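The residues making up each chain are set out below.
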Number of protein chains: 2
Amino acid sequence: MRWEPGAPDRLQQAALELFATRGYEETTAAEIAQAVGLTERTFFRHFKDKREVLFRGQDHLVKAALQGVNAAPEQATPMEVLTSALQAITSAFSDERRPWSRTRQQVIDRNPALQEREQHKLSILAATIAEAMAARGVAAPTATLAARSGIAAFEVAFLRWIADGEQRPLTVIIKDVLDELRALLR
Amino acid sequence: MRWEPGAPDRLQQAALELFATRGYEETTAAEIAQAVGLTERTFFRHFKDKREVLFRGQDHLVKAALQGVNAAPEQATPMEVLTSALQAITSAFSDERRPWSRTRQQVIDRNPALQEREQHKLSILAATIAEAMAARGVAAPTATLAARSGIAAFEVAFLRWIADGEQRPLTVIIKDVLDELRALLR
DNA sequence: AGCTCGCATGTCAGTTGCTGTCATCACTAG
DNA sequence: CTAGTGATGACAGCAACTGACATGCGAGCT
């Protein structure tokens with residue numbers, strides 16, 4: 001072949017490394033591309049903007065969430081449906097991904113522009129779950145509240161997952177956090 | 001005086017009008033500035049970026065939220081503290097602001113970049129509330145969950161507030177939504 | 001073998017968002 | 001009257017994108 005395959009993957013990898021060492025703002029798209037032997041123009045063919053290079057595969061989570069919602073039994077309560085969705089999402093985070101998730105999160109935590117993108121992605125995820133729940137007959141406002149609270153729980157669990165010394169898998173942590181959420185309103 | 005006072009206000013006003021008619025992306029910062037007799041450079045002296053022109057005064061909401069948290073009695077439950085914070089926030093939205101909020105929201109709904117900024121601002125608001133709750137002795141994860149869920153309730157209430165035909169003030173609507181949230185986990 | 005077509009990429013020019021720097025000019029305090 | 005302050009203008013420049021067009025490998029067809 002004329003060019004190496006897997007351009008998006010290589011770009012993402014190089015981007016994370018550069019962001020982690022040099023910083024996000026201090027790294028240009030052209031530099032990332034150059035690091036893997038490509039041009040700036042090609043970078044923007046694979047990613048709609050510079051931030052997006054850190055957010056590939058988020059649509060994958062959306063799919064998992066939808067399957068989780070639909071996997072719940074017909075007469076499940078909103079809280080049970082939510083639990084099913086969150087189990088499906090967290091299952092996508094295997095332990096091998098943990099180091100990568102950690103550095104990625106460190107990069108995001110240092111840059112507001114990346115935080116915006118992250119919040120937006122999570123917001124879309126919540127909206128999708130809410131919509132799927134509403135399609136199952138849950139009242140729209142209730143579904144929105146449930147989905148957003150569920151995503152909040154996911155965020156808390158995720159941060160705990162990548163914390164130093166934490167050993168348990170994310171699927172286990174999320175259960176604890178959901179228990180805390182349930183206790184909250186009592 | 002050599003120049004008209006209230007430059008930020010006039011810029012914000014002009015920006016909203018231009019965004020609403022021409023569209024956000026189709027409006028340049030220079031055009032907004034020109035519309036009120038200023039230059040692009042001056043625009044960016046008042047707003048750190050183009051989006052920010054629609055998000056002035058959000059820090060005002062943060063202050064209100066903090067006061068709301070601290071206004072709750074000492075031994076209040078997390079849910080009661082949250083309610084107090086949300087009452088404080090919603091009080092900032094008087095009925096005169098409703099038309100302005102409506103068009104502003106329409107503009108935001110049409111543009112992902114603006115949605116990102118909005119989500120980020122709400123995320124900051126939630127984090128601030130959570131921090132204040134934690135300072136009062138609420139366990140950190142619980143506080144985060146509560147604050148995020150509360151902000152979710154605010155979003156739902158706000159959308160209802162600017163919906164056509166809705167007459168009730170936001171402070172009343174939020175109570176209903178919080179009831180729905182409580183019912184969710186029971 | 002020769003041909004054509006598609007697809008990932010390169011090249012180049014151009015717009016826009018945003019920043020640093022320096023100048024200007026009313027108004028104000030001394 | 002002079003020095004200083006504060007909001008602005010003027011200008012240059014970089015980085016993030018985008019559109020248009022060219023290029024060349026490899027696959028499939030004849």
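Structural notes, computed from the coordinates. What you see is a predicted model; the values in this text were computed from it and never measured.

1. A look at the protein's contact with DNA strand C
Around DNA strand C, the structure places 21 residues, and the nearest of them are A:T42, A:R45, A:H46, B:R41 and B:K50. When atoms of DNA strand C within 4 Å of the protein are sorted by moiety, sugar and phosphate together comprise 54%. Contact between DNA strand C and A:T39: a phosphate oxygen at 2.8 Å from a side-chain N or O atom of the residue. One of the side-chain nitrogen or oxygen atoms of A:R45 is found 2.5 Å away from a base oxygen of DNA strand C. Taken together, the elements giving at least two residues each to the surface near DNA strand C come down to α3 (40-46) of chain A together with α3 (40-46) of chain B. Of the residues in the surface near DNA strand C, the class split is 6 nonpolar, 6 polar and 9 charged.

2. Here we look at the packing of helix α1 (residues 7-22) of chain A against helix α6 (residues 98-109) of chain A
Residue and element names in this part refer to chain A. Between α1 and α6, the least distance of the axes is 9 Å, while the angle of their chain directions is 55 degrees. Classified by the angle between their axes, α1 and α6 sit oblique to one another. In this structure, α1 meets α6 at a crossing whose hand is left-handed. Counted together, Q12, Q13, L16, F19 and A20 of α1 and W100, T103, R104 and V107 of α6 form the full contact between these two elements. A breakdown of the residues in the contact of α1 with α6 according to their chemical character gives 5 nonpolar, 3 polar and 1 charged.

What counts, and where the lines are drawn
Residues numbered from 1 in each chain as written. Chains lettered and ligands numbered in written order. Predicted model: local features only at pLDDT ≥ 70, side-chain atom pairs only at ≥ 80, totals over all residues. Heavy atoms only, no water. Near = heavy atom within 4 Å. Polar contact = N/O pair within 3.5 Å; in protein donor to acceptor, adjacent residues only side chain to side chain. Helix = DSSP H or I, 4+ residues; strand = E, 2+ residues; numbered from the N terminus. Nonpolar A, V, L, I, M, F, W, Y, C, P; charged D, E, K, R; others polar. Axes fitted to C-alpha atoms, helices over the stretch in contact; angles between N-to-C directions. Parallel < 35°, antiparallel > 145°, perpendicular 65-115°, else oblique. Left-handed = near helix turned anticlockwise from the far one by under 90°. Contact = heavy atoms within 4.5 Å.

Limitation: the analysis is restricted to geometry and does not speak to function.
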